[in-house]
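# Secondary and tertiary structure notes
The primary structure of each chain is shown beneath.
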Amino acid sequence: MLTDAEVSRIRNDFPILGQEVNGHRLAYLDSGATSQKPQCVIDAEVDFYSARNSAVHRGAHSLAVAATDAYEAGRADTARFVGAATNEIVWTKNATEALNVVAYGLANASAGLGGAEAERFRLGPGDSIVATQMEHHANLIPWQQLARLTGAEFRYLPLADDGRLELDGLESIVDSSTKVLAFTHVSNVLGTINPVARLVARARQVGALAVLDACQSVPHMPVDFHALDVDFAAFSGHKMLGPTGIGALYGRAELLDALPPVLTGGSMITTVDMDSVEFMPAPQRFEAGTQPVAQVVGLGSAVGYLTELGMDNVAAHEAELAEYLVAGVDRVPGVRRIGPDAAGERIASVAFEVEGVHAHDVGQYLDAQGVAVRVGHHCAQPLHRRYRIAATTRASAAVYTTQEDCDQFLGALADVRKFFGVS
Amino acid sequence: MSDLEQLYQQIILDHAKERYGNKPLIGDTGQGRSPLFGSSHQVNPTCGDEITMEVEIDPDTGRLAVRWDGQGCSISMASASVLSELAEDLDAAEFEEVREAFHELMHSRGKVEADEELLGDAAAFQGVSKFPARIKCALLSWMALKDSLAQARTAGGSQ
């Protein structure tokens, strides 16, 4: 568990958090959208460009070797951090791309690419793809598209009123026709932590691939993909204290080596002829073209920073913040929160609507008090429609979030309705 | 006045509640509507705000009659309300002149003085121009009216 003194020292590691915004101390509660970066991550990119920049996996000069070593060390560190083997981590530009690599890889297999070993990935009429009603659009639209491309049926697991998945119908929705079960580890709106074991067990029973969106879990709790036993998973660098422009796809080694690539071109082949091509094994087969090398190095540094803090400590700190934020938001009159109450089943990401005041106006008022939150549908329109809300305000924490940040937010929230003349 | 108070002037908050012109739409039924009719649905994809604006051009006087329905933040709702009230006294060409002035004001980053004579209550939106993230909110209904008006005029041309 992190003490208050440790959390304030952590906060000081993030130079951006030291500034004033609109005449107030900055309370950054938009970490669910993107996290801030500690000095070591910023330094790692500067150091890479200052001392080691070169093309990776090409060329044999000393700088090229140093750059390749740094790039692959970032992969090894990140793989260890999420309980994966090094060759099971594929770099993408973000988590959205990672999920699309799986969906369109399956589409390519369904169109006949990949030979016999890709047969397990083929879908067509009579098959089904299942996602959930709480998905971020990034883990929804690619599956809708895949269904359209292949003629498979698209289904979803619905949301219950309390912000959890309604799993009473799990056995009938995920059935013998299901080839893919895609779901998020943690809801980016509700903060709900989903029962991965139960969902993966059902996927295993019917022989479906289990695809996990881990964007909101990897930055906030210990995650071990081997232990979770998922087939594929996606997460993004910029939400876990790392740079933008870098995301990762995890896949079980045997699956990655069989999945047809989506992006093809340089650096992902073994032999090219004018009428044939052989691809490299994973991860290189998915990394065509020049890669975001400095970003990988920065992400490696972020992983090192989080490892040093200890993800158990990070999770315990954020669980405390979750309880504090939920209780605090629930105390403000005229505020309706969506998402589960229980501590331990949610992360410190709290979405709500304010009676009589649109989320954009709430966010504007909070911003004037130095409080940065997200407003809108958070790339989850079906979820909002399910709760009959057009837009919510979301306060989301990270390891550097302090109780003072929460108090500043809750104090400002309490004044919103008065300012807009609705209380 | 702070930037926030300039953004949320009382006149804007009042219009956001009043919602002038926010009434049942005629839609496709076409009952009793002018032959010069247009309708436009606009969405702000970042926040999900949406508005449908209908316009009828009086065939004799050329005057506009506007009705709208939608949901959104106080800036977008107030803007639709102000626009509906303004548009009543205008014909299509006059609306275009006002719209251009409003558009320019919104993109001025707070550096242009609003022409109150031309813009009326819409001049109160000057404070919005200092908040680039909110300009789209203010312009949503104006885009919808511009679009529906173009349709109404086309409807006239095809007769």
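Scroll up to find the structure this text is about.
Computed from a prediction, not measured in an experiment: that's the story for all the values here. (Residues numbered from 1 in each chain as written. Chains lettered and ligands numbered in written order. Predicted model: local features only at pLDDT ≥ 70, side-chain atom pairs only at ≥ 80, totals over all residues. Heavy atoms only, no water.)

## Describing the sheet that holds strand S6 (residues 153-157) of chain A
Residues and elements named next belong to chain A.
- Spatial ordering of the open sheet is given by S4-S10-S9-S8-S7-S5-S6, a layout of seven strands whose pairing is mixed. The strands lining the two open edges of the sheet, one partner per strand, are strand S4 (89-92) and S6. Across this sheet, the average inter-strand angle for adjacent strands is 20°, counted without regard to direction.
- In the packing of helix H4 (residues 95-110) onto the sheet, contacts are made with S4, strand S7 (178-184), strand S8 (209-213), strand S9 (232-236) and strand S10 (247-251), and the angle to S9 comes to roughly 155°. (Pairing = 2+ DSSP bridges. Helix = DSSP H or I, 4+ residues; strand = E, 2+ residues; numbered from the N terminus. Axes fitted to C-alpha atoms, helices over the stretch in contact; angles between N-to-C directions. Contact = heavy atoms within 4.5 Å.)

## Observations concerning the environment of Glu50 of chain B
All names here are of chain B.
- Mapping Glu50 onto the fold places it in strand S2 (residues 49-57).
- By relative accessible area, which is 30% here, Glu50 ends up partly exposed.
- For the pair Glu50 and Ile12, spaced 38 residues apart in sequence, the C-alpha separation works out to 18 Å.
- Sequence-distant contacts of Glu50, that is, excluding residues within four places in its chain, are made with His41, Gln42, Val43, Asp69, Gly70, Gln71, Met77 and Leu140.
- A polar side-chain atom of Glu50 sits 3.2 Å from a polar atom in the side chain of His41. (Buried < 20%, exposed > 50% of the residue type's maximum accessible area, 1.4 Å probe, protein only. Polar contact = N/O pair within 3.5 Å; in protein donor to acceptor, adjacent residues only side chain to side chain.)

## Side note on the layout of surface pockets
- Quantified by volume, the largest pocket comes out at close to 440 Å³.
- Lining of the largest pocket is provided by 16 residues; of these, Gln364, Asp367 and Val375 of chain A together with Ala133 and Arg134 of chain B occupy positions nearest its centre.
- Ranked by residue count, the leading element in the lining of the largest pocket is helix H12 (residues 359-368) of chain A, at four residues.
- The residue inventory of the lining of the largest pocket, partitioned by class, reads seven nonpolar, five polar and four charged.
- In this structure, the second largest pocket occupies an estimated 240 Å³ of space.
- What lines the second largest pocket is a set of 16 residues, among which Gly356 and Val357 of chain A together with Ala16, Arg19 and Ser74 of chain B lie closest to the centre.
- Contributions of two or more residues to the lining of the second largest pocket are made by helix H2 (10-18), strand S3 (64-71) and helix H3 (74-87) of chain B.
- Sort the elements by how many residues they give to the lining of the second largest pocket and H2 of chain B lands first, with three residues. (1 Å grid on protein atoms, 1.4 Å probe; cavity = no way out; pocket = protein on both sides within 12 Å on 5 of 7 lines; lining within 4 Å. Points joined across faces, edges and corners; volume = space filled by probe spheres on them. Nonpolar A, V, L, I, M, F, W, Y, C, P; charged D, E, K, R; others polar.)

## What to know about the pattern of salt bridges
Residues and elements named next belong to chain A.
- Evaluated as defined, the whole model comprises 28 salt bridges over all chains.
- The partner of Glu97 in a salt bridge is Lys93, with the nearest N and O atoms 3.8 Å apart.
- Classification of Lys93 by relative accessible area gives exposed; the value is 51%.
- A salt bridge links Arg164 to Asp162, with the nearest nitrogen and oxygen atoms 2.8 Å apart.
- Note on Arg164: relative accessible area 26%, which makes it partly exposed.
- Residue classification places Asp162 among the partly exposed positions, given a relative accessible area of 35%.
- In this structure, a network of salt bridges that share partners links the residues Arg120, Arg204, Asp229, Asp231, Arg252 and Glu254. (Salt bridge = Lys/Arg side-chain N within 4 Å of Asp/Glu carboxyl O.)

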